[in-house]
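Letter by letter, the chains look like this.
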Amino acid sequence: MCRLLAGHPNLRLAGVHANSSAGRRLGELQPHLLPFADMEVRPSGAGDLAGYDVVVLALPHGESAEIAAQLPPDTLVVDCGADHRLEDADAWARWYGGEHAGSWPYGLPELPGQREKLSGARRIAVPGCYPTSVTLAMAPALSAGLVEPEVVVVAASGTSGAGKSAKPHLLGSEVMGSVSAYGVGGVHRHTPEMVQNLSQAAGAPVGVSFTPTLVPMSRGILATCSAKLRPGVDADAARAAYAEAYADEPFVHLLPEGQWPTTAQVLGANTVALQVAVDPDAGRLVVVAAVDNLTKGTGGAAIQCANLALGLPETAGLPVVGVAP
């Protein structure tokens, strides 16, 4: 968020708040943020956040709602956490526990009708990084009725998806040269978010089998998604549905036939790269999506939504060019 705001033509970073780092220079904690190096990190209570036009929350689940409830209704609050993503209170209780704080407009403008909900909003829930890639990969096929409502997803993520806290399984000696699965068997907390989004796209309940994997890179997600084709659907029909769905989207790119998404091509950019294929022997549609989990997967999405809410150009301050090599 701070990196992207450094180049935003309309928004200015006025403060950074974090209880655990309060009193320290931001440059000490994030030395790459040279324009903000001398900014002092302040506490993150609701009182400390009063007076801002826009507040972006990036807190553990269960903590955003309490703070947001104390902020003025005319403050734009963009929550990068999970507190307000799910519409079903029972689903929240099952996957996160505790009392459901209610849902906010969902920050994925590419979904049909979602831009209108985000325009002028003062509370926005940013999607999870995995659901961003999976939803954009499968929503057009389900919306067009090309596939059966059972989706299988295997997605690889870099270590930054787990945050910055020191954890033994994220040490370089543990990660480098190794790929591991986690959250296997339908227990990853992003699963109900995928189910919610894809069911809305299909207009009927959709089942999702999701297996995340951890790969030795710092950032990025590569999601491979598949579903059984309905009779009569061929590769041309599948590609046409995606071309139509994303023809006018500035951040979602259906690649030319034969070119496959890589995490390197979206590194640092607010873009999603997609490719669609039909496996005729298996009778399945296969969609591969690449996204930077920290940009379009989180921080970039927050800015994209804030732009819409504030009436700014949706693309303001958001790069579409990846950092390569």
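Whatever comes next refers back to the structure up there.
Residues numbered from 1 in each chain as written. Predicted model: local features only at pLDDT ≥ 70, side-chain atom pairs only at ≥ 80, totals over all residues. Heavy atoms only, no water.

(A) Representation of the sheet that holds strand β8 (residues 252–254) within the structure. Spatially, seven strands are ordered β5-β6-β4-β7-β10-β9-β8 in an open sheet, and the strand pairing comes out mixed. Taken across any chain shown, the strands that pair with only one partner, and hence form the sheet edges, are β5 (180–181) and β8. With respect to the sheet, helix α6 (residues 129–143) is in contact with β4 (147–157), β6 (207–214), β7 (221–229), β8, β9 (272–279) and β10 (284–291), its orientation differing from that of β4 by roughly 150°. Along the sheet, helix α9 (residues 235–245) makes contact with β8, β9 and β10, crossing β9 at roughly 160°. (Pairing = 2+ DSSP bridges. Helix = DSSP H or I, 4+ residues; strand = E, 2+ residues; numbered from the N terminus. Contact = heavy atoms within 4.5 Å. Axes fitted to C-alpha atoms, helices over the stretch in contact; angles between N-to-C directions.)

(B) Quick look at the packing of α6 against helix α8 (residues 191–202). Packing of α6 against α8 brings their axes to within 9 Å, and their N-to-C directions diverge by 20°. In terms of axis orientation, α6 runs roughly parallel to α8. Note that α6 runs across α8; the crossing there is right-handed. Facing Y130, P131, V134, T135, M138, A139, L142 and S143 of α6, the residues of α8 in contact are E193, M194, N197, L198, A201 and A202. (Parallel < 35°, antiparallel > 145°, perpendicular 65-115°, else oblique. Left-handed = near helix turned anticlockwise from the far one by under 90°.)

(C) Quick peek at the sheet that holds strand β1 (residues 54–57). Taking strand neighbours across the sheet as the criterion, the three strands line up as β1-β2-β3 in an open arrangement whose pairing is parallel. Both edges of this open sheet fall to β1 and β3 (123–125), since each of them pairs with a single strand only. Strand-to-strand, the axes of this sheet are offset by a mean angle of 15°, without reference to chain direction. Here three bridges tie strand β2 (residues 76–79) to β3, and the two strands are oriented parallel to one another. Residue pairing for β3: D79 is matched across the bridge by A125.

(D) Representation of the pattern of salt bridges within the structure. Per the counting criterion, the structure on display carries nine salt bridges. The residue D38 makes a salt bridge to R25 at a minimum N-O spacing of 3.3 Å. Highlighted residues: D38 in the loop between α2 (26–29) and β1 and R25 in the loop between α1 (2–5) and α2, separated in sequence by 13 residues. Take R25: its relative accessible area is 39%, and that puts it in the partly exposed class. Sharing partners across several salt bridges, the network here consists of R115, E249 and E314. (Salt bridge = Lys/Arg side-chain N within 4 Å of Asp/Glu carboxyl O. Buried < 20%, exposed > 50% of the residue type's maximum accessible area, 1.4 Å probe, protein only.)

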